[in-house]
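Close look at the chain arrangement
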Amino acid sequence: MNITREPLYDDEPRGLLQALGRHLVGYLSRVGQSGRLMVEALGYMPGVFVRSSARRTMWRQLYSTGIRTLPVITVVGLFTGMILGLQVGLALRRFNQEMYLGGAVMLTLIREMGPFVTGICLSACVGSAMAAELGTMTVNDEVAALEIMAIPPVRYLVAPRLTALVLMSPVLAFYACVLGVMGGGLVASTQLNVDFQQFMAGAMSFATTKDLFVGLFKATVFGLVIGTVSCHEGFCTRLGAVGVGRATQRSVIMSFLLILLFGYMITRLFYIEFIF
């Protein structure tokens with residue numbers, strides 16, 4: 001994939017309609033480029049486990065994605081479960097149905113909130129760093145140097161990072177779900193007079209294997225989206241240091257929006273029957 005650095009248009013738009021058209025064309029162009037980048041990176045992924053240099057880069061990215069984000073994931077996952085346990089427990093107390101608190105917290109975390117908070121944390125901590133790193137390399141012509149040496153930037157820079165995100169996202173999502181359930185059980189036993197054993201029994205009885213796999217699939221898709229958007233924004237960086245900041249901002253915003261969009265679409269696909 002050649003990294004195009006020339007602007008799409010040189011002259012200023014003459015009116016509002018032309019400006020909106022250019023924004024639409026530019027947006028569609030970026031979507032197409034992102035999809036092409038993702039497909040090309042997926043094709044290079046098997047080679048990441050074969051080449052020693054790619055493996056070293058992947059291990060570094062696995063450390064940055066997994067180990068260095070554990071404190072953030074720990075705090076966010078724990079307090080997400082505690083907030084869910086408190087709010088849902090207060091609602092169930094009105095109907096004397098506190099025995100369903102464990103199941104409600106478990107299903108909410110494993111289906112939606114666990115992958116969601118993991119994706120948000122990864123896009124803010126890891127995706128922004130990827131966009132800034134690749135953006136700096138782009139404005140310093142390091143990516144152009146790779147192209148001159150006939151080294152595909154997608155194979156050398158994107159594939160290891162995307163592989164690390166795809167591998168670590170479901171692991172971190174599962175970790176966040178476990179911590180969230182523990183936090184919900186702690187709040188239930190200390191503030192809502194719900195026995196911890198009863199809470200855990202309800203949580204385990206309501207969750208199914210399908211819920212687990214859908215949640216892990218969501219997290220994997222989120223990791224793929226975050227890596228693709230961040231690397232693409234890094235490659236599209238212009239205007240030096242100012243452009244690096246803008247690329248980092250765009251990568252985080254677009255990752256947030258796409259996480260919400262794909263989260264809804266996956267839930268719609270697996271849990272609501274289509275009626276024709």
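Residues numbered from 1 in each chain as written. Predicted model: local features only at pLDDT ≥ 70, side-chain atom pairs only at ≥ 80, totals over all residues. Heavy atoms only, no water.

On to the overall build of the protein chain, then. A tally of regular secondary structure across the protein chain gives nine helices and zero strands. Sequence-ordered secondary structure for the protein chain, helices as α and strands as β, is α-α-α-α-α-α-α-α-α. Each principal axis of the C-alpha atoms in the protein chain carries an extent, and together these give about 65 × 50 × 40 Å. Going through the 276 residues of the protein chain one by one, you find that 44% of them count as buried. (Helix = DSSP H or I, 4+ residues; strand = E, 2+ residues; numbered from the N terminus. Buried < 20%, exposed > 50% of the residue type's maximum accessible area, 1.4 Å probe, protein only.)

A word on the nonpolar core. Judged by nonpolar contacts, the single largest core of 16 residues is most densely connected at Leu 101, Met 106, Leu 109, Val 181, Val 194 and Phe 199. For this core, the elements supplying multiple residues, two or more each, are α3 (70-93), α4 (101-139), α6 (153-191) and α7 (196-206). Residue contributions to this core peak at five residues, all from α4. (Core = buried A, V, L, I, M, F, W, Y, C linked by side-chain atoms within 4.5 Å.)

This paragraph deals with the side chain of Thr 80. Tracing the backbone shows Thr 80 in helix α3. Overall, the relative accessible area of 13% leaves Thr 80 in the buried class. Here Val 76 takes part through its backbone oxygen, which lies 2.6 Å from a polar atom of the side chain of Thr 80. Thr 80 has contacts with Leu 109, Met 113 and Val 117, leaving out every residue within four places of it along the chain. (Polar contact = N/O pair within 3.5 Å; in protein donor to acceptor, adjacent residues only side chain to side chain. Contact = heavy atoms within 4.5 Å.)

This part covers the confidence of the model for the protein chain. Confidence in the prediction for the protein chain averages 87 pLDDT; 94% of positions are at 70 or higher. Summarising per-element confidence for the protein chain, the mean pLDDT is lowest in helix α1 (residues 16-48) (82) and highest in helix α8 (residues 209-235) (93). (pLDDT = per-residue confidence, 0-100.)

What follows covers the environment of Ile 120. Residue placement: Ile 120 occurs in helix α4. Judged by relative accessible area, which is 22%, Ile 120 ranks as partly exposed. Along the primary structure Ile 120 and Thr 190 are separated by 70 residues, whereas in three dimensions their C-alpha atoms are 29 Å apart. Beyond its immediate chain neighbours, meaning those up to four positions away, Ile 120 contacts Phe 256 and Ile 259.

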